[in-house]
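# Analysis of the macromolecular model
Here are the chains, one letter per residue:
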Amino acid sequence: MKEKMKEIGLRVKELRELSDISIQDMANYLEVSGEIYQDYEDGKKDIPASILFEIAHKMQVDMGLLLTGEETRMHIFSVTRKGKGVEVGRRKQYQYENLAEKFIHKKAEPFIVAVEPRSDGSKPSTNTHPGQEFNYILEGTLKIYIHDNEIILHEGDSIFFDSSYEHAMEALDNKTARFLAIVM
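Scope of this entry: the structure provided in the associated data block. Sequence order as written defines the numbering, with residues in each chain counted from 1. Local features in this predicted model are restricted to residues whose pLDDT is 70 or higher, and side-chain atom pairs enter the listing and the counts only when it is 80 or higher, whereas totals over whole chains, interfaces and linings include all residues. Hydrogens and water molecules were not included; the side-chain quantities draw on all heavy atoms of the structure.

## Notes on the packing of helix α1 (residues 2-18) against helix α4 (residues 49-59)
Two measures define how a pair of helices packs: the angle their axes make with one another and the distance between the axes. Defined as follows: Convention adopted: a line fitted to C-alpha atoms gives each axis, helices being fitted over their contacting stretch, and angles between N-to-C directions are expressed from 0 to 180 degrees. We count a stretch as a helix when DSSP gives it H or I for four or more residues in a row; a strand needs E for two or more, and each element gets its number in order from the N terminus. Angles are sorted into four bins: roughly parallel if under 35 degrees, roughly antiparallel if over 145, roughly perpendicular if 65 to 115, and oblique for all others. In this scheme, a crossing is called left-handed if the near helix is turned counterclockwise away from the far one by less than a right angle; it is called right-handed if the turn is clockwise. Working rule for contacts: check all heavy atoms of both residues, and any pair within 4.5 Å makes them a contact. Side-chain classes are defined by residue name, with Ala, Val, Leu, Ile, Met, Phe, Trp, Tyr, Cys and Pro counting as nonpolar, Asp, Glu, Lys and Arg as charged, and the others, Gly among them, as polar.
Orientation of α1 relative to α4, taken along the N-to-C sense of each, is 25°, at an axis distance of 11 Å. By the angle between their directions, the pair α1 and α4 is classed as roughly parallel. The crossing of α1 and α4 is left-handed. Here Ile8, Val12, Leu15 and Arg16 of α1 lie close against α4, whose contacting residues are Leu52, Ile55 and Met59. Among the residues making up the contact of α1 with α4, the classes are represented as 6 nonpolar, no polar and 1 charged.

## Considerations on unusual backbone geometry
For the record, the criterion: Three exposure classes are used, based on accessible area relative to the maximum for each residue type with a 1.4 Å probe and protein chains only: buried under 20%, partly exposed in between, and exposed over 50%.
One non-glycine residue with positive phi stands out, namely Asp20, at about 55°. In this structure, Asp20 sits in the loop between α1 and α2 (23-30). Although it is not a glycine, Asn174 adopts a positive phi angle of roughly 60°. With respect to the helices, strands and loops of the structure, Asn174 is situated in the loop between β8 (167-171) and β9 (177-183). Classification of Asn174 by relative accessible area gives exposed; the value is 67%.

## Remarks on the side chain of Arg11
Stated precisely, the cut-off is as follows: The positive count covers Lys and Arg only, the negative count covers Asp and Glu only, and His and the chain ends enter neither. Whenever Lys or Arg places a side-chain nitrogen within 4 Å of a carboxyl oxygen from Asp or Glu, that contact is recorded as a salt bridge.
Here Arg11 is to be found in helix α1. Of the buried charged residues, Arg11 lacks a salt bridge, with Glu7 as the closest side chain of opposite charge at 4.4 Å. In contact with Arg11, other than residues within four places in its own chain, are Leu65, Leu66, Leu67, Thr68 and Gly69.

## Remarks on the pairing of strand β6 (residues 149-153)
What counts is decided by this rule: Strand pairing is assigned whenever DSSP detects at least two bridges linking the two strands.
Summarising the sheet, strand β5 (residues 142-146) and β6 pair through 5 bridges and their orientation is antiparallel. Bridging across to β6, Ile144 finds its partner in Ile151. Joining the antiparallel neighbours β5 and β6 is a turn of 2 residues, in which His147 adopts a positive phi near 45°.

See below:
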């Protein structure tokens, strides 16, 4: 996992330098400190999938290039077989599986996200990113924290929200929750 973080960080750094974008300009664009951004490039800190999505947008590349180092080529369709999506381990409390890493010029990034139940009882850490997000619950029960609200979603429920507001997800009933997330 640490090695993959470093590889992704190196790809981001190389693309940023090729694009002649300063560290501070990129940090400002992502609304993070220069120090946090530098930690992303150095592989010292996990890059959240939503931030990686924004970096790809800024660099005008597909997120698949940042994840795998390979150019995306599919432009008519892209099939991802069950359990075969590229794993994106970007935040400790969530496991992401990218469902369309090979499709070029995507307007959104689809993921299957698994959230494990928390054992310590504390509220999960929140995240923000530009754009919007759609989540559809595939299994389990999920509590969504968003902008001073707590919403409980069950299998088959969905939520669409402005992801620039602080948000987090928590699996309930001591069971893993899985959902389809589309980040736009």
